[in-house]
Number of protein chains: 2
Amino acid sequence: MDEIDRKIIGILAQDSRRSLTDIGAAVELSPSSVNERIRRLVASGVIRRFTIDADHRALGLDVLAFVWVGLSPDADEEAFRTFMAGHPSVAECHHVTGAWSYCVKVRMPSLGDIEPFLAELKRRRFLARSETVIALSTVRETQFTSPER
Amino acid sequence: MDEIDRKIIGILAQDSRRSLTDIGAAVELSPSSVNERIRRLVASGVIRRFTIDADHRALGLDVLAFVWVGLSPDADEEAFRTFMAGHPSVAECHHVTGAWSYCVKVRMPSLGDIEPFLAELKRRRFLARSETVIALSTVRETQFTSPER
DNA sequence: ATTGGAAATGGATGAGATCGACAGAAAAAT
DNA sequence: ATTTTTCTGTCGATCTCATCCATTTCCAAT
């Protein structure tokens, strides 16, 4: 994990389809070396996977919401995590400090889909209390700022 | 945007390096057709970009926090958005309903880096009030659940 | 049925990923 | 200090795969 690796990560984060030759030129290394470095980054888990950044709106997921979850005292926390990991509407789920137990980011087709989701959490006895915050617009949704160009 | 396009998106979200032949087999289409569909999905903006999912810990970003921002009444909101869009520690920034103006997801090397960030927001007269929630662990951080296999 | 437009196919071509053999540098051991 | 080992890089060959184009098929509209 040196400066070159970080540079490669940055380039791939911007566009993971850049050719090895291209990346090699940017970091002043042969395509083979870049290939080997990427292979190692994947093997070591630094690169979790190659993926795409899709427009959720275009996919019919028009609503983005943050659901704060206060777990009920008798809730099966392991079951909750499994449920979250498998639910198609859940984009993120974090265990957090503060007044709430979990912060859950969900994407759904419409506002109307939120209530059934909360109802399901309640039905499964996970929920003691919750608060839902709707995102009106998104300023940004990527960690990596494109470096100087 | 039909069922096949959605299927392709799903496959690429899981692994954007799958070959066209491979994807073609999965959706029962020739590699050329898959290529053309992907080209159109990119052109129409449904696929925003090809990227990677990196392990932030390995990159030295050990801390994940949600900063709830209450914008001060005299804040230059456009300047705030520009600042958020450009700040390297900001992973997400959403305009939200409820008691707060914005929800900002930040990733930083250490807890100690949060205070200077807030100080900077204050210095720029953006901040009326704020609340910071630290993520202790992450259950999930991807929208797409891998379909049946 | 006929026609027009869009999407799919198959094959050719060139770009690029991948692999092995070798060289050089850095680190470790004596 | 010298030798040995290990690691990282380069080069060149090969083979896979993306890309492009000509043709065909499919579907919808009249």
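Everything quoted here is computed from the prediction, not taken from an experiment. (Residues numbered from 1 in each chain as written. Chains lettered and ligands numbered in written order. Predicted model: local features only at pLDDT ≥ 70, side-chain atom pairs only at ≥ 80, totals over all residues. Heavy atoms only, no water.)

Take the pattern of salt bridges next. Counted according to the given criterion, the structure contains 30 salt bridges over all chains. We note a salt bridge from aspartate 53 of chain A to arginine 48 of chain B, for which the minimum N-O separation is 3.7 Å. With aspartate 53 of chain A in strand 1 (residues 47-54) and arginine 48 of chain B in strand 1 (residues 47-54), this pair bridges two chains. Judged by its relative accessible area of 19%, aspartate 53 of chain A falls in the buried class. (Salt bridge = Lys/Arg side-chain N within 4 Å of Asp/Glu carboxyl O. Helix = DSSP H or I, 4+ residues; strand = E, 2+ residues; numbered from the N terminus. Buried < 20%, exposed > 50% of the residue type's maximum accessible area, 1.4 Å probe, protein only.)

Moving on, we come to the relation of the copies chain B and chain A. The two copies are related by a screw motion: chain B maps onto chain A through a turn of 180° and a shift of 0.0 Å along the axis, at an RMSD of 0.0 Å. Interpreted geometrically, this transformation is the action of a two-fold axis. Rotation axis and chain B: the residue whose C-alpha lies nearest the axis is threonine 51 of chain B, separated from it by 2.7 Å. The share of interface residues of chain B whose copies in chain A are also at the interface is 100%, consistent with both copies meeting through the same surface. (Least-squares fit on C-alpha atoms with pLDDT ≥ 70 in both. Contact = heavy atoms within 4.5 Å.)

Turning next to the domain arrangement of chain A. Split into domains, chain A comes out as domain 1 (3-43) and domain 2 (63-134). Each of domain 1 of chain A and domain 2 of chain A has a C-alpha centre, and the two are 38 Å apart. (Domains from an automatic or database assignment.)

Looking now at the packing of aromatic side chains. For any pair of aromatic rings, the description rests on two quantities: the centre-to-centre distance and the angle between the ring planes. Enumeration according to the criterion identifies nine aromatic pairs over all chains in this entry. Between phenylalanine 80 of chain A and tyrosine 102 of chain A, the ring centres sit 4.7 Å apart and the planes meet at 50°, which makes this aromatic pair tilted. Note that phenylalanine 80 of chain A is positioned in helix 4 (residues 77-86) and tyrosine 102 of chain A in strand 4 (residues 102-108), a separation of 22 residues in sequence. Neither residue differs from the other here; phenylalanine 80 of chain A and tyrosine 102 of chain A are each classed as buried. Both rings, one in phenylalanine 83 of chain B and one in phenylalanine 126 of chain B, keep their centres 6.0 Å apart while their planes meet at 45°; by these two values the pair is tilted. Of this pair, phenylalanine 83 of chain B sits in helix 4 (residues 77-86) while phenylalanine 126 of chain B sits in the loop between helix 5 (114-123) and strand 5 (127-140), and the two are 43 residues apart along the sequence. For phenylalanine 83 of chain B, a relative accessible area of 13% gives the class buried. Among the aromatic residues, those joined into a ring-pair cluster are Phe66 and Trp68 of chain A together with Phe66 and Trp68 of chain B. If you follow arginine 17 of chain A out to its NZ or CZ, it ends over the ring of phenylalanine 50 of chain B, 3.8 Å from the centre. (Phe/Tyr/Trp six-rings, centres within 6.5 Å; stacked < 30°, edge-to-face > 60°. Lys NZ or Arg CZ within 6 Å of the ring centre and 35° of its normal.)

This part takes up the protein's contact with DNA strand D. DNA strand D sits among Leu29, Ser30, Ser32, Ser33, Arg37 and Arg40 of chain A together with Ser19, Leu20, Ser32 and Asn35 of chain B. Close to the protein, within 4 Å, the atoms of DNA strand D belong to sugar or phosphate groups at a rate of 74%. Within the side chain of serine 32 of chain A, an N or O atom sits 2.8 Å from a base nitrogen of DNA strand D. With respect to DNA strand D, the backbone of leucine 20 of chain B contributes an N or O atom lying 3.1 Å from a phosphate oxygen. Every element with two or more residues in the surface near DNA strand D is listed here: helix 3 (31-43) of chain A together with helix 3 (31-43) of chain B. The dominant element in the surface near DNA strand D, judged by the number of residues it contributes, is helix 3 of chain A, at four residues. Classifying every residue of the surface near DNA strand D by side-chain character gives two nonpolar, six polar and two charged. (Near = heavy atom within 4 Å. Polar contact = N/O pair within 3.5 Å; in protein donor to acceptor, adjacent residues only side chain to side chain. Nonpolar A, V, L, I, M, F, W, Y, C, P; charged D, E, K, R; others polar.)

As a further point, take the UniProt feature "domain: HTH asnC-type" (unreviewed entry) in chain A. The feature "domain: HTH asnC-type" (unreviewed entry), as given by UniProt, occupies residues 1-62 of chain A in the numbering adopted here. Across residues 1-62 of chain A, helical content stands at 53% and strand content at 13%; the span's end C-alpha atoms are separated by 38 Å. (UniProt positions renumbered as here; feature names shortened; annotations may be inferred.)

Another aspect to go through is the pairing of strand 2 (residues 63-71) of chain B. Residue and element names in this part refer to chain B. Burial of strand 2 is extensive: nine of the nine residues sit out of reach of the surface. The sheet contact formed by strand 2 and strand 5 spans seven bridges and is antiparallel. Each residue of the ladder has a partner; that of tryptophan 68, found in strand 5, is glutamate 131. (Pairing = 2+ DSSP bridges.)

All names here are of chain A. Look at glutamate 28: it is not a glycine, yet its phi comes out positive at around 60°. Within the element layout of this structure, glutamate 28 appears in the loop between helix 2 (20-27) and helix 3. The backbone of arginine 125 sits at a positive phi, close to 65°, despite the residue not being glycine. With respect to the secondary-structure elements, arginine 125 resides in the loop between helix 5 (114-123) and strand 5 (127-140). Since its relative accessible area comes to 60%, arginine 125 is described here as exposed.

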